[in-house]
Each structure stands twice: as C-alpha cells, then as structure tokens.
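Descriptive analysis of the structure
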Amino acid sequence: MRHLMNPLDFTVEELEKLFDLAADIEANPAKYAHVCAGKKLATCFYEPSTRTRLSFEAAMLNLGGQVLGFSDAASSSAAKGESVSDTIRIVSCYADICAMRHPKEGAPMVAASRSRIPVINAGDGGHQHPTQTLTDLLTIRSLKGKLGGFTIGLCGDLKFGRTVHSLINALIRYPDIHFIFISPPELKVPDYITDMLTEKGISYKEVIRLEDCMPDLDLLYMTRVQKERFFNEEDYVRLKDFYILDKDKLSAAKQDMLVLHPLPRVNEISVEVDDDPRAVYFKQAQYGVYVRMALILTLLEIEV
Ligand code: NCD
C-alpha cells in the first residue's frame, strides 16, 4: 500500500505516468465516470481549505465514488483530545483512501504509519503540500509542453509557504531549471533548501524586487504571505503587501511567461491581471481536479 507524503515519493517516471493519466482524464472524462463506484474518500482537514478539500471531493465524485469527512478540527474528536493515530484507525474502517491536512508538520506521516488505507498529505504546516505540487507540475507540463528548461521565479512567503517547499523539491529532478527566489529578507527560503541546491549544483539567485528579474522569467509562482504561521501580527502587517503584481509590472515580462498561484490570493496579484492570457491560476485549480483523480486511481490501484 502506498501513501503520498512528499512529491519525491513518486519517481519522475511514475509522475509521467500520473500526468499522462490526468491528461487522458481531461480528454475523456466519461471513460472514468464510474470507475470508483463503491469506493469512499475521507477528507480529514484540521486546517482551513477551499481548493484542496473540494477538489479532492470533486475528484472522487467525478470517478463515481463517494466522500465523507470533516473540514474543521473543532467539529472532529480532535477537539476532545483524540490523536491523529487513533482517528486514522477509525477512518480506515469507514473509507478506502484518506486526504489529510494538518497544521503540524509530519502529522499525516504519523497517520500513514497507523493507517490501513492510503493516506495523502494535503498540506502539513509549513512543510509540504505534494498534491499542490502535482497540480503545479501538470499545469506547467500541459501549458508549456515540458517540464524542465526554464527559469522560474518564486515570489512572496518563501519561508512559511509549503507549496514553494514542495515545488522546489520536485523541480530539481528536471533538467536545466534556474530558480529565482523573490522575497523580503524576513521571508527568505529556508537555509536547508538553499544548502541542498548548492550541494546539488542547481542554479539559484535571491532577489528582493520583482522588477529586478521579471524579464528573465519563464514562470512566475506567486504566493500569499502565510498569516497563520506568523508569531506576531505586527510582522504580518508589515510584510503582507510587500508584493503586488499589477499590469504595469507584468508589462516587463515575456509574452509567454505564465503566472501561477496556488491560491487563495489576498493582495499579491491585482485583479486587473486576471484577464491577461499569462495569468493561469484559475486554470491551475482545474488541473488540480484531474491530477487528484489520477492520484486516487493510482493509489487505489484501479486500472482503467
Ligand atoms: C495553499 C496551502 O494551503 O498551502 N493553498 C492551497 O492548497 N491551494 C496556499 C496558501 O494557503 O497560501
């Protein structure tokens, strides 16, 4: 039985298969409409979510399966002090596969070690968010036609943003990737990541201003300042509007650069950018459903 905790849990070849399956699902949805009949997905969400939880549920419903779960720790027995290990043992009696989001780093991993069903990490604290990364990779592959051979700017909260940590982790396995990390000094990408890039000889640069690198980018990955991970409100207020991507800034970008964002957006992308053909963050959310459908089929070992 396989779980998904980290994007590196799949080899590059396995990811290719997964993305091919996601592409086939996109092209032929009817073929997959009943393949999970009789199967149940549990969503155990101890932290807020719109896209991740609903896209998992939509994915299972699109496959003809059913869903159950909770969207708030306060409405689960966690509020009475139940451990994640006990909860997953119970959920294993009720469902065939589980997607879990938790504010504590490593909680889904603890659950996986006790589980009788596949567990998917749907975001653990500031650590990893592998299914967002699968979504990001599928979006890039579908819209750019390849993974590799580009300069990607990651902008915003690179310290607490788990989507960024997971994406860097996954991208280093593809050829000819150049990273530009765009953040205020307080929200720099953690040292363990830059150390790892240096050790592997992967090219990266750190800049503070978005304007300093815009013309160089093939992809721009914008992120929200992660309010819930700050220790004090004052720092958050000072940093929250550090970056605002608007039409004017985007005018310096390549015509075929793509703007991605895992969403939710707060102020970091002005709504006037939404109509620009380079803004693909809403499409990205749609790819999230296809890739989660492919993931559910893969972990349940259902061949279509
Ligand atoms: C992200 C997350 O939860 O880490 N959202 C998502 O799953 N699409 C990004 C964020 O909350 O800023």
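Everything below is about the structure shown above.
Conventions we followed
Residues numbered from 1 in each chain as written. Predicted model: local features only at pLDDT ≥ 70, side-chain atom pairs only at ≥ 80, totals over all residues. Heavy atoms only, no water. Helix = DSSP H or I, 4+ residues; strand = E, 2+ residues; numbered from the N terminus. Rg over C-alpha atoms; globule rule 2.2 N^0.38 Å. Contact = heavy atoms within 4.5 Å. Areas by Shrake-Rupley, 256 points an atom, 1.4 Å probe, with all protein chains shown as cover. Pairing = 2+ DSSP bridges. Axes fitted to C-alpha atoms, helices over the stretch in contact; angles between N-to-C directions. Buried < 20%, exposed > 50% of the residue type's maximum accessible area, 1.4 Å probe, protein only. Right-handed = clockwise from strand over helix to strand, strands pointing away. Parallel < 35°, antiparallel > 145°, perpendicular 65-115°, else oblique. Left-handed = near helix turned anticlockwise from the far one by under 90°. Nonpolar A, V, L, I, M, F, W, Y, C, P; charged D, E, K, R; others polar. Salt bridge = Lys/Arg side-chain N within 4 Å of Asp/Glu carboxyl O. Near = heavy atom within 4 Å. Polar contact = N/O pair within 3.5 Å; in protein donor to acceptor, adjacent residues only side chain to side chain. Core = buried A, V, L, I, M, F, W, Y, C linked by side-chain atoms within 4.5 Å.

Quick word on the overall build of the protein
The helix and strand tally for the protein stands at 10 helices and nine strands. For the protein, whose C-alpha radius of gyration is 19 Å, the value lies close to the compact-globule estimate of 19 Å for 304 residues. Projecting the C-alpha coordinates of the protein onto the three principal axes gives extents of approximately 55 × 45 × 40 Å. Sequence separation of 24 or more characterises 74% of the internal contacts of the protein that already satisfy a separation of 6 or more. Looking at the protein as shown, the accessible area adds up to about 13200 Å², and 51% of this sits on carbon and sulfur atoms.

Quick notes on the sheet that holds strand 2 (residues 66-70)
Pairing between sheet strands relies on hydrogen bonds along the backbone, with the strands arranged either parallel or antiparallel. With parallel pairing, four strands are arranged side by side in an open sheet as 2-1-3-4. Two strands lie at the open edges of the sheet, namely strand 2 and strand 4 (119-124), each paired on one side alone. Going across the sheet, the axis of each strand differs from the next one's by a mean of 15 degrees, ignoring polarity. Bridge count for strand 3 (residues 97-102) against strand 4 is four bridges, and the pairing is parallel. Paired with M100 across the bridge in strand 4 is N121. Sheet strands in contact with helix 2 (residues 51-62) are strand 1 (40-45), strand 2, strand 3 and strand 4, and its direction is about 175 degrees off that of strand 1. With respect to the sheet, helix 3 (residues 84-94) is in contact with strand 1, strand 2, strand 3 and strand 4, its orientation differing from that of strand 3 by roughly 155 degrees.

So, the pairing of strand 4
Of all six residues in strand 4, six are buried, a share of seventy percent or more. Handedness of the crossover joining strand 3 and strand 4 through helix 4 (residues 107-114) is recorded here as right-handed.

Considering the packing of helix 3 against helix 4
At a minimum axis distance of 8 Å, the contact between helix 3 and helix 4 shows a crossing angle of 50 degrees. It follows that helix 3 is oblique to helix 4 by the angle criterion. As helix 3 packs across helix 4, the resulting crossing turns out to be right-handed. Residues V84, S85, I88 and R89 of helix 3 form the contact with helix 4, whose participating residues are A107, V110, A111 and R114. Class assignment of the residues belonging to the contact of helix 3 with helix 4 gives a composition of five nonpolar, one polar and two charged.

Here we look at the pattern of salt bridges
As enumerated under the stated definition, the model contains 17 salt bridges in all. The salt bridge partner of E14 is R2, with a shortest N-O separation of 2.9 Å. Taken together, the positions of E14 in helix 1 (residues 12-27) and R2 in the segment before helix 1 put the pair 12 residues apart, joining distant regions of the chain. The salt bridge involving R238 is made with E186; its shortest N-O contact spans 2.8 Å. Of this pair, R238 sits in helix 8 (residues 233-239) while E186 is found in the loop between strand 6 (177-182) and helix 7 (191-200), placing the two residues 52 residues apart along the sequence. Salt bridges sharing common partners tie together E16, D20 and R141.

Some points on the sheet that holds strand 5 (residues 150-155)
The strand order across the open sheet formed by five strands is 7-6-5-8-9, and the pairing between neighbours is parallel. The two strands at the open ends of the sheet, each matched to only one other strand, are strand 7 (204-207) and strand 9 (258-260). Across the sheet, the mean angle separating the axes of adjacent strands is 20 degrees when strand polarity is ignored. Two strands pair when backbone bridges link them, and strand 5 and strand 6 are joined in this way by six bridges, in the parallel orientation.

As for the site of the ligand
Close to the ligand lie R51, T52, R101, H129, Q132, R162, T163, R224, Q226, P262, L263 and P264. With respect to the ligand, the side chain of R224 contributes an N or O atom lying 2.8 Å from an oxygen atom. When the ligand sits alone it has 310 Å² of accessible area, and the protein chains cover 95% of it. At the level of secondary structure, the elements contributing two or more residues to the shell around the ligand comprise helix 2 and helix 6 (162-171). Residue composition of the shell around the ligand, by class: three nonpolar, five polar and four charged.

Regarding the nonpolar core
F19, L137, I152, L154, I168, L171 and F179 are the most contacted members of the largest nonpolar core, which totals 58 residues. Ranked by residue count, the leading element in this core is helix 10 (residues 281-299), at 10 residues. Apart from residues no more than four positions distant in its own chain, L137 is found in contact with L15, F19, L147, L167, A170, L171 and Y174. Listed in part, the 21 residues of the second largest apolar core include L210, M222, V273 and A279.

By themselves, these are just geometric observations and shouldn't be taken as functional.
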